[in-house]
Structures are given as structure tokens and as C-alpha cells.
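# Examination of the molecular architecture
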Protein chains: 2
Amino acid sequence: MRTDSVPQPPASGAAIVLQAAAAAGVSVCFANPGTTEMPLVGALDQVPGVRAILGLFEGVCTGAADGYGRMLGRPASTLLHLGPGLANGLANLHNARRARTPILNIVGDHASWHLKYDAPLTSDIKSLARPVSAWYRSVEAAGQLWQDTVDGIQAALAAPGGVATLVVPVDFQQRPAPVQARRDVATPAAPAFDEARVGEVQGALESGRAVVFLLGDRALSERGHIAAGRIAAATGARLFSETFPARTERGGGLPDIDRLPYFPEAAIAALKDAVVVLAGALAPVAYFGYEGLPSELAPADALVTLALPGEAADLALERLADRLNAPSLPTPPASLPYSVPDGPLTPQAIGRLLSNALPPQAIVSVEGGTCGYPFVTASAQAAHHTILTNTGGAIGQGLPVALGAAVACPERRVFALQSDGSAQYTIQSLWTMAREHLPVVMLITSNRRYGILQTELGRNGIEPGPQARRLTLLDDPPFDWPALAQGYGVPALVASTTEELRQALAQALEHTDGPLLIEMRLA
Amino acid sequence: MRTDSVPQPPASGAAIVLQAAAAAGVSVCFANPGTTEMPLVGALDQVPGVRAILGLFEGVCTGAADGYGRMLGRPASTLLHLGPGLANGLANLHNARRARTPILNIVGDHASWHLKYDAPLTSDIKSLARPVSAWYRSVEAAGQLWQDTVDGIQAALAAPGGVATLVVPVDFQQRPAPVQARRDVATPAAPAFDEARVGEVQGALESGRAVVFLLGDRALSERGHIAAGRIAAATGARLFSETFPARTERGGGLPDIDRLPYFPEAAIAALKDAVVVLAGALAPVAYFGYEGLPSELAPADALVTLALPGEAADLALERLADRLNAPSLPTPPASLPYSVPDGPLTPQAIGRLLSNALPPQAIVSVEGGTCGYPFVTASAQAAHHTILTNTGGAIGQGLPVALGAAVACPERRVFALQSDGSAQYTIQSLWTMAREHLPVVMLITSNRRYGILQTELGRNGIEPGPQARRLTLLDDPPFDWPALAQGYGVPALVASTTEELRQALAQALEHTDGPLLIEMRLA
């Protein structure tokens, strides 16, 4: 911790907040500001180092901050307008909370002396923010602005990471702030693991019992994959990734680790009678509760924790592999492109064609079941890439997360594999991608329905009548995707066959100055 | 209250909720359901009387319920998916709270026995709902489902009206519900007023002091307007409407009642040195707090309350007019169309052309300052119409409210006078309008900027640098409005001159089978 005792020139409170954020490495602000954020907006031009990116809707901003934080491990900030602006960003903050993404979520508020008059935009911001925030503070003293900002960033970075919501009433932004100690954010301790737990898991592996590893968080890094692959090859243990990892590496010769199945029957079967080793993952529970099926996918007494989320699950796996004397795995033969016959588009064909097309170090934001599962199945054979999935189930996450990842990693190509229904929740993402010339390739699975809801009606034993059926169909009218894209300044292609998709993907890879949308029309 | 003791056939909990809602007059459900709402979705085909309308985004559903409730005075329901679905609907529920609109806000949740496992979609729904809800309950007993639903509707209807949030865990929806008393919603007491307050206001009027009436809620009904006009003509009192009324009648020879100015300097000047009579309005406060200006636009000792929101402010005004022996006003001469010269579009020309075009009994949902004020100024001369404004300042309200008003009043033409920036927050409204063939005329003021923010930067004394300027501009890229409309199945016209807008409005009035969008390009 550094305390700078040199007197500072007078600065507005807004400038102090931005200076503190910039000093702590916050270099991007995904913003949808209003009147109560104007001093912060003005200060963006006075304080160097923070790039402002405008979203037309707050869910775009919060989802982008999530994608950014997942890729870089440090927070972007948001800038949102009081309670209602925060409310519009909550769904993607919910996902970020589940992804444990560090985010500095800045919310403006009325002047502190104006709050008691209950003007139209007044609301209980704390009640709205708490469910998604690991840390919450509303500024109460001008002399604490730097410290409040640093405390928020520190909390966002504290293992395992989370959303820090800092509310800044506009009077604290406007007024010259007193000189204040300019403390740095303390570097978080490097993630560690517990040697005793490694021994415990080794014991389980050597006991002869069936063992399944459930990998999440750092276990899904490149090192984690390699170590887990060694363990599986040496012991016969099976490996699963969490069903919806915040981030996983894949392809490029890494071991092919399946996701734990989504529906509880299949997940329970996969884990049955085995010791379940949790490596960066929490105890697996059913996504939804279904009558007659347990919520816990494995019995509590079958669980052994190797590392918690936020701990060094990857290093723990390496240590375990070494203790087992598990040999290094040979580099697998170079993966060949899938052969995909000409014909109508199917989810399997899409997964394979995208896997063929991925350039090395691509990032793929996946939202939507129709093509998500077949793609991940296929992509183990692709070049090395990073997959980001919807961690919290609040849909409308895929496009903003792709946007934020593209801002974070301008040297990598970003793909959004996105279902049509879920794309609509944050469709305004397209405009920001066009505005910022982000070369995101959006692959919209156009099946004109909420496929998952049709499945769930069936699981509920409901034979849908006209109203229920209509609530799951998006075909009246169908979306005109090329027109929507054009509306936001994004070029678009349509593919109805495998050959058309192959060509569209080739064209997309040539298009490097901005986003491109490909509507993939399923039969 | 009726208690039906005849044994009922076994029904699912979902059917009980819908039956109770339908029995209480809830006939429309604006829905964006997910897995935990499937039994309610299925029951929509089993229980007669509730029409389901799908929104692609929850803010469309909640805003539509607001517009519906403002027009009919009885609640529509929503159907939202757990905490994140509710979160996406909160901004427009905030506006509905400020409008005091009755809404039955139904939120599904995990099976009650599944909640403790903290599955991905689990969140603190109560904390999210409380800031916008006049009433909140999460179902805890299958035998109480009818009563819970009735209690919610009763609370929504209780003066002055509000949002009732009913959370229904999916297990309570699924399971057969026990026989339960089927109580009716009690008819709310007719609004009343306090004769003593009428006398007090009469005293103020007869004291010789300057008097200003601030009208809201029922004072802005047709009867309220007429009575207030009589009082003003007889006494010289001045009349203002709230700046953002939930609903006001206008035109058709009604007295021309200005809105209280938005900015505090002008509002304070308008109320200065007068007795301020509150008729269905709360004490006026500044929309935002500005340094050096008071939050209270009139001193507390200048305020006299004639009627609170929810009370019979219109009848109180009538009684006051009668006590003052204020004569009936002559019917004003038939209003003539404004003469609007050919030329580029200006906000004033737009306000006048729309006023000329309004058919009798039109409904106009107004969101956005650029054209909102000039339209309201002009529309006093138009045929009788109803204006709905943004009550809570959460933008993205105008299009959904128009949608809901069109569902509520199929015999009336609905217009949405909407700024381009604010239209983007709930742009998905277009699709539901097309799907339901709602003949809403959307007039998009295309000035490619957040005009209010440019004004507010100036008020803050900020000379915007490149980042601040860019955060207030929407011209890079500009929206292609006809393409966006086409994307959602809505025909569109573009008007850049007064003559083009005149023709577009004429065409729009002929178009009765669905929505139509007119982009009004300001110079």
C-alpha cells in the first residue's frame, strides 16, 4: 500500500473516482449514463486511461463487462443511471455473479440532499443491487471517494471474484473533492491449494473406487486440462466440466472434457456410484427441480473437494498428477477438418463447420442449447480456443459477453454462437459492436422457437394448446435478421445449407473491420 | 365476498391462480415465461378468459401491463421467469409504481424444495421486487393459491393503485391444489373527497391571494378538466398539470392546462408567491437536484391539499366550482387544423401535424422531450385524446405503454410519440405489435442524439470533450429505422419534411391491421 502525501491539485469527485479506477487498472467503462452521471461523463475526458463505450441498453453494458472481466481477470467498470438503469443491467450482473467475474459496477444517484424528496427516479438502489453484488457501498463522504473506489475494486478482485457496486450521488461527483490518500489496490494473493486435499483425492484414486472429476474455474485453464488429462489416462478416472463454465479452454490438442449433462437424469447417471472430485467446481445440483428427482446430482458423501472456486485448482491437479507419477500425454495427431456433406443445416453440421473455421486463439461465446452442445462436442478437435457460456441462466448474455471479450482481446477473433430467441434480449449489442468496429462474428441459430420451452412442456407432461404453443413459437412474424443487422449498421449473410455456411464463415474471417452477422436457418 | 362451498374438481395450482385472476377480471397476461412457468403456460389453455401475449423481453411485458392498467383501471397480469426475468421488467414496473397502475405481476420460481441448493437461476426475488411493489407475496401453501391471487389483485386495486408481485414456485403450480374457498375480490370503495378541504381551498381563493392548482391523477379526467377550467375562469387561479401525468385527457374543447415546467427554475417561477393547491398531485419537487436550487418547488407552507392521489380529485374540483358558483364555460369554437408551412421537420411542426391528424378518442403515449413538449402544447386544439407519459423516468416506456393501451382499447387509435434514443431500450415491442396486429402508429423522432444529456452537460458547466460528446451522440452508426421495423415485421415510412409527415400520417390512419412506424428525421 502506497500513501502519496504530495498535495494534489483540486479535482472533482468524479475525477477522483476515475483516477482511482484507472490507477487500479480499470481501463474501460461500458456506459449508459443519464443526468446524474454527467460529472463522471465529463471527467472521462479529464482523466486519462479510461475508454468509454456506449451501450443503448444497460444489459449490453453489464454483459460486456462480464465478458471483459472473464477474459482479462481484471474489472471493467460500468456506468449506469440510478435504480432503473441498474435494474436494466441486473440480469447480466446475475450471470456475472455466477461467473464470479470482477466488475466495478458504478451507479449514479440523485444528489444526497435530494433523495429524501422521493423524486420520480428515486428508488431503493441497495435492495436492487444486493442480490447480484459481492460488495455494495453508496458514497457518503467526499474525502473517501478514492478509498471507496479502491475498496470496490479490491472486493471485485478478491477470490473468487465478483460484482462490486459503487453508488455515487451526483453531488459527490460534482464538487471539488478534498485531498485524500491515494492508496493502491493491494495485489490479491496468488491462488493456492491445500496439499492435504490432494492427498485425500490421491487416496480415493488409489482405493480402486470409480472416480469422476468435476472441473470448473481454474481447472478449465490450459494447465488444468493437461493435468486432468494425465490423471484420467493414468487412473481411468472420468472427467467432466461444469455444464456452464464461465470460461474454458478447448481444442488445440487439449484433452476432450465433456460437459456434465444438463438434465438431471443423465447427470445423475454420469456420477452414479463414483467418488466425485470437485476441482474448482461446486457440488453439482440440478438446474431446475423436477418432481421425483433429487436436486443433488451426487450424494453429499460421495463428494471430495480438491479445490474451491478461486483456489488454484489447476496447480492442485498438476500436483496430483505428479504424485500419481502420471506420464505426460503425447501430443495428439493434428486434427483434421471435419468432413461435412452438402445439405440442409443441422446443429451437428453447424458445430463441425464452426470448429473447422475457428482460427487459433478464437473466443466463442455460446448461448442457446440448440447449437451449443453440438458445437462443444465438435470443438475438441478445433484449434485452441476459449469458450464462454451462460453461467446464470439469465438469457441475453451471449452477444454482450462477445462484445466485451472483443474489447478485452483485440488480437483474437470472437464468435457468438447464439440462439435467435435469446439474442433478442440484448439485441442492441449489435450497434455497439458496429460503433466500436469490433470484428465479432455472430452466428444466429434461426429456428424461430424457444426450443427449450417446448422440451420443458413435454417434461411437464403438458400437451400444449394454442396459447401455450404460441408462447413457444417465434415464427409469426419471423425475425428478418439481415434487416435487424442493417438497422444497427451490421452487415449480414444468410446460410440455409452447409455449403452456404462454409462460404459465409470464410467471408466472415476476411471481414476484420467490424461485426458480421450470419443467420443460420435451420430446416 | 362469496364463498363457494360446492366441491371443485381437482385443478392444478396453476389453474387455480388463473381462475382466481380471471374471476377478478384479469383477462390479459403479458408473458415472457421460462421453465419454471410451464404449468401456468399450460393452464392458459385450460382456464378460459385469459389472453396470453408474448413479449421478447420482459420490459415489453411490464410496460404493456402499465399501459393497459392506466387505460382500464384494472390489472393485466405479467408472467416473468424468476429473478432475472423480473429484473428485466423492473424499469417499467418502476414507472408503473409512479403511475400507481394496478398490475398483477406474476413471477415463477424454482420448486420450493429446490431453492436451498442455490441453482444457477436462484436469486433473492424479494429484494428485487420490493422497490417497485406495493404488495409482495411468495406462495407458501397450496391451499392458499386462490386467496394469495385475490389478495394480490385486491392490493393492486387498493387506492391509489400499485404493483402486486405474486411469486409462484413451480411445485405449487404443478401439483393438484386442494379445494379452497373461492373468494371474490371486494369492489374497492368509490373514491371520495374531504369536504373540509374544499372549504379550505375556497377560503384561499376568496382571500385575494394568488392561487395555482397542480392537477394530477383523477383531476386530469374530463370532469376534472372541466371543473378546473370553471374555477380558473371564475377566480383567475392558474392551472398546471403534473409534468409527467400517468394519464390526462386533452383536446376536444377541454381547457388547455399546461404542464408544470420540467426544469426547477421555471417551475419555481410558475409557483412563486402563490398558494399551491394539490388536486390529485403530490407536493412538487425538482426532477433532479441542482446545486443552489431547492428541491421543493414551492415552500411547504404554500401548499394546500384538495385531494390526494387515489381520492376523487375530479369530484372535489366540481364541488369547489359549484361552491364558487363558477359558471359553465361556453363550448369553444371548433378547433381548426393548424396551418403548417412546407419545409423541414421541426418539433413544433411535428406537434401541430400530429394534433391535426389525431382522430377522436386517440391515445398518445409520449416519451422523449424533443417532441413531447411541443406536441402537448399544440394538442389542446386537437380532437379529444388521452395522453400517457413517462411517470418514473425509466426510459423505454413509451412503446410498451402504447402496446398495452392498444390491447386495452381496440376501438381507439394509439400513437407513440417516441424519441429515438429511448425507443431502443424496449425496441422488441415492435414484434409484439406486429404479432398481435395492433394498429399502433409509432412516430420516432430521429435526431440521433440523447438531447437531454447534451442539455444537462451544459447545465453542469461541462464543455464536453471527445468521450463525453460521443456518449451523447447516436449518429455513428445512425439507426436505420425502416430496416429495424422490417426486422420485426412492421412497415415503415420516412418523413424529412412537413409535407412528407402529413402524407405519412394520412397513410398511417388508413393502415388498420397492424403497427406502422414513421421515422421523423429532424434536420
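In every chain, residue numbers begin from 1 and rise along the written sequence. The naming scheme follows written order: chains are lettered A onward, ligands numbered 1 onward. Only residues with pLDDT of at least 70 are given local features in this predicted model, and only at 80 or more are side-chain atom pairs given and counted; all residues enter the totals for whole chains, interfaces and linings. Only hydrogens and water are set aside when side-chain values are computed; all heavy atoms of the structure are taken into account.

Attention shifts here to the pairing of strand β17 (residues 414–419) of chain B. All names here are of chain B. Here the term buried applies to any residue with accessible area under 20% of the maximum for its type, exposed to any over 50%, and partly exposed to those in between, with areas from a 1.4 Å probe on protein chains only. Here a strand is any run of E in DSSP of at least two residues, a helix any run of H or I of at least four, and the numbering for each starts at the N terminus. With respect to burial, β17 is a largely interior element, 6 of its 6 residues being buried. Neither face of β17 is open: one carries Val414, Ala416 and Gln418, the other Phe415, Leu417 and Ser419, and all of them are buried. Judged from the 6 bridges that link them, β17 and strand β18 (residues 440–446) form a sheet pairing that is parallel. Pairing of Ser419 across the sheet is with Thr445, part of β18. Here, any two strands with at least 2 DSSP bridges between them count as paired.

This brings us to the packing of aromatic side chains. Pairs were defined over the aromatic rings of Phe, Tyr and Trp, the Trp ring being its six-membered one, requiring ring centres within 6.5 Å. Orientation was assigned from the angle between planes: stacked under 30 degrees, edge-to-face over 60, tilted for the rest. For the structure on display, the rule yields 21 aromatic pairs over all chains. Taking 6.4 Å as the distance between ring centres and 75° as the angle between the ring planes, the aromatic pair formed by Phe57 of chain A and Tyr425 of chain B counts as edge-to-face. Taken as a pair, Phe57 of chain A in the loop between β3 (51–54) and α3 (58–72) and Tyr425 of chain B in the loop between α15 (420–423) and α16 (429–435) lie in two separate chains rather than in one. Grouping residues by exposure puts Phe57 of chain A and Tyr425 of chain B together as buried. Judged by centre distance (6.1 Å) and plane angle (80°), the rings of Phe244 of chain A and Tyr262 of chain A are edge-to-face. Pair noted here: Phe244 of chain A is in the loop between β10 (238–241) and β11 (248–250) and Tyr262 of chain A is in the loop between β12 (258–259) and α10 (264–271), with a separation of 18 residues, a long-range link. A relative accessible area of 17% places Tyr262 of chain A in the buried class. Both a distance and an angle decide whether a charge sits over a ring: NZ of Lys or CZ of Arg must be within 6 Å of the ring centre and within 35 degrees of the ring normal. When the ring centre of Tyr290 of chain A is taken as reference, the NZ or CZ atom of Arg459 of chain A above it lies at 4.1 Å. The ring centre of Tyr373 of chain B lies 4.5 Å from the NZ or CZ of Arg259 of chain B, which sits over that ring.

Take the interface of chain A and chain B next. Whether two residues are in contact is decided by their heavy atoms: any pair within 4.5 Å suffices. Every contact between the two is made by 96 residues of chain A and, on the other side, 96 residues of chain B. Note on terms: buried area is the combined drop in 1.4 Å-probe accessible area of two parts once they are placed together, counting the loss on both. Between chain A and chain B, the buried area comes to about 8200 Å², and carbon and sulfur atoms account for 59% of it. When residues of chain A are sorted by the area they lose upon contact with chain B, Arg435, Gln467 and Leu471 of chain A head the list and together hold 8% of the total. Any Lys or Arg side-chain nitrogen located within 4 Å of an Asp or Glu carboxyl oxygen qualifies as a salt bridge. Taken together, chain A and chain B are joined by 6 salt bridges. Across the pair Arg175 of chain A and Glu291 of chain B runs a salt bridge whose closest N-O atoms are separated by 3.1 Å. Identification of polar contacts relies on pairs of N or O atoms within 3.5 Å, with a donor-acceptor requirement for protein atoms, meaning one able to donate a hydrogen and the other able to accept it, and with residues adjacent in sequence counted only if both atoms are side-chain atoms. Between the two partners, chain A and chain B, sit 51 residue pairs in polar contact (both at pLDDT 80 or more). Ranked by residues supplied to the side of chain A that touches chain B, first place goes to helix α4 (residues 82–99) of chain A with 9 residues. The residue inventory of the side of chain A that touches chain B, partitioned by class, reads 50 nonpolar, 28 polar and 18 charged. Under the grouping applied here, Gly and all other residues not named as nonpolar or charged are polar, the nonpolar ones being Ala, Val, Leu, Ile, Met, Phe, Trp, Tyr, Cys and Pro and the charged ones Asp, Glu, Lys and Arg.

This paragraph deals with the sheet that holds strand β18 (residues 440–446) of chain A. Residues and elements named next belong to chain A. Within the open sheet, the 7 strands sit side by side as β11-β16-β15-β17-β18-β20-β19. Their pairing is mixed. Two strands bound the open sheet, and with one partner strand each, they are β11 and β19 (492–495). Direction aside, neighbouring strands of the sheet carry axes that sit 20° apart on average. As judged from the 5 bridges shared by strand β15 (residues 362–367) and strand β17 (residues 414–419), these two strands associate in the parallel manner. The residue of β17 that forms the bridge with Val366 is Leu417. Convention adopted: a line fitted to C-alpha atoms gives each axis, helices being fitted over their contacting stretch, and angles between N-to-C directions are expressed from 0 to 180 degrees.

Once that is clear, we can look at the nonpolar core. For this analysis, a nonpolar core means a set of buried residues of the types Ala, Val, Leu, Ile, Met, Phe, Trp, Tyr and Cys, connected via side-chain atoms within 4.5 Å. In this structure, Phe30 and Leu90 of chain A together with Phe30 and Leu90 of chain B are the most contacted members of the largest nonpolar core, which totals 204 residues. In contact with Phe30 of chain A, not counting residues within four places along its chain, are Ile53, Cys61, Ala64, Ala65, Tyr68, Ala76, Ser77, Thr78, Leu79, Leu403, Gly404 and Val407 of chain A. Counting residues in each nonpolar core, the second largest holds 32 residues, with Leu358, Val366, Cys371 and Leu505 of chain A among its members.

Glancing now at helix α11 (residues 313–323) of chain A. Residues and elements named next belong to chain A. Among the residues of α11, those classed as buried are Ala313, Asp314, Ala316, Leu317, Leu320 and Ala321. Angularly, the buried residues of α11 cover 160° about the axis, an arc narrow enough to put them on a single face. Where α11 is buried, its residues meet α8 (195–206), β9 (211–215), α9 (222–235), β13 (275–279) and β14 (303–307). Asn325 sits one or two positions beyond α11 and adopts a positive phi of about 55°. Here the arc refers to the directions that run from the helix axis out to each C-beta atom.

Residues and elements named next belong to chain B. If you walk across this open sheet you meet the 6 strands as β3-β2-β4-β5-β7-β6, and the pairing is parallel. Each edge of the open sheet is held by one strand with a lone partner, namely β3 (51–54) and β6 (135–138). Averaged over all pairs of adjacent strands, the angle between strand axes in this sheet comes to 20°, irrespective of strand direction. Note that β6 and strand β7 (residues 163–169) share 4 bridges and pair parallel.

Turning our eyes to something else, we now look at the relation of the copies chain A and chain B. One copy of the chain maps onto the second through a rotation about an axis and a displacement along it. Least squares is the method for superposing the copies, and the C-alpha atoms it fits come from residues with pLDDT of at least 70 in both. By a simple turn and slide, chain A fits onto chain B: the slide is 0.0 Å along the axis, the RMSD is 0.0 Å, and the turn is 180°. Read as a symmetry element, the transformation amounts to a two-fold axis. By residue overlap, the copies meet face to face through one surface: 100% of the interface positions of chain A are interface positions in chain B.

Turning next to the pattern of salt bridges. Scanning the model with the defined rule gives 38 salt bridges over all chains in all. Linking Arg502 of chain A and Glu499 of chain A is a salt bridge whose minimum nitrogen-to-oxygen distance equals 2.9 Å. Note that Arg502 of chain A and Glu499 of chain A are positioned in helix α20 (residues 498–510) at a spacing of 3 residues, about one turn of the helix. According to the relative accessible area criterion, Glu499 of chain A is partly exposed, its value standing at 29%. One salt bridge in this structure joins Glu311 of chain B and Arg197 of chain B, with 3.3 Å as the shortest N-O distance. Taken as a pair, Glu311 of chain B in the loop between β14 (303–307) and α11 (313–323) and Arg197 of chain B in helix α8 (residues 195–206) lie far apart in primary sequence, 114 residues in all. Note on Glu311 of chain B: relative accessible area 22%, which makes it partly exposed. Bridged by salt links that share partners, the residues Arg51 and Glu436 of chain A together with Arg470 and Asp476 of chain B form one connected network.

Counting through the fold element by element, Thr187 of chain B comes out in the loop between β8 (176–177) and α8. Separated by 162 residues in the primary sequence, Thr187 of chain B and Ala349 of chain B have C-alpha atoms spaced 46 Å apart.

Residues and elements named next belong to chain B. Across the 7 residues of β7, 7 count as buried, placing the element largely inside the fold. Here β7 shows no split at all, with Val163, Thr165, Val167 and Pro169 on one side and Ala164, Leu166 and Val168 on the other all buried. Sheet topology note: the strand β5 (residues 103–109)/β7 ladder contains 7 bridges and is parallel. Counted as the bridge partner of Asn105 is Thr165 from β7.

As a further point, take unusual backbone geometry. In the segment running from Asp476 of chain A into Pro477 of chain A, the intervening peptide bond is cis, with an omega of -5°. Here Pro477 of chain A is to be found in the loop between α18 (466–470) and α19 (481–487). The omega torsion across Ala159 of chain B and Pro160 of chain B is 0°, close enough to zero to call that bond cis. In this fold, Pro160 of chain B is placed in the loop between α6 (145–157) and β7. A positive phi is found at Asp118 of chain A, a non-glycine position, where the angle reads about 55°. Relative to the helices and strands, Asp118 of chain A resides in the loop between β5 (103–109) and α5 (125–129). Taking relative accessible area as the criterion, Asp118 of chain A reaches 37% and is therefore assigned partly exposed.

Scored from 0 to 100, pLDDT reflects the predictor's confidence in each residue. Chain-level statistics for chain A give a pLDDT mean of 96 and a share of 98% at 70 or above. Reported for the predicted complex are a pTM of 0.97 and an ipTM of 0.97.

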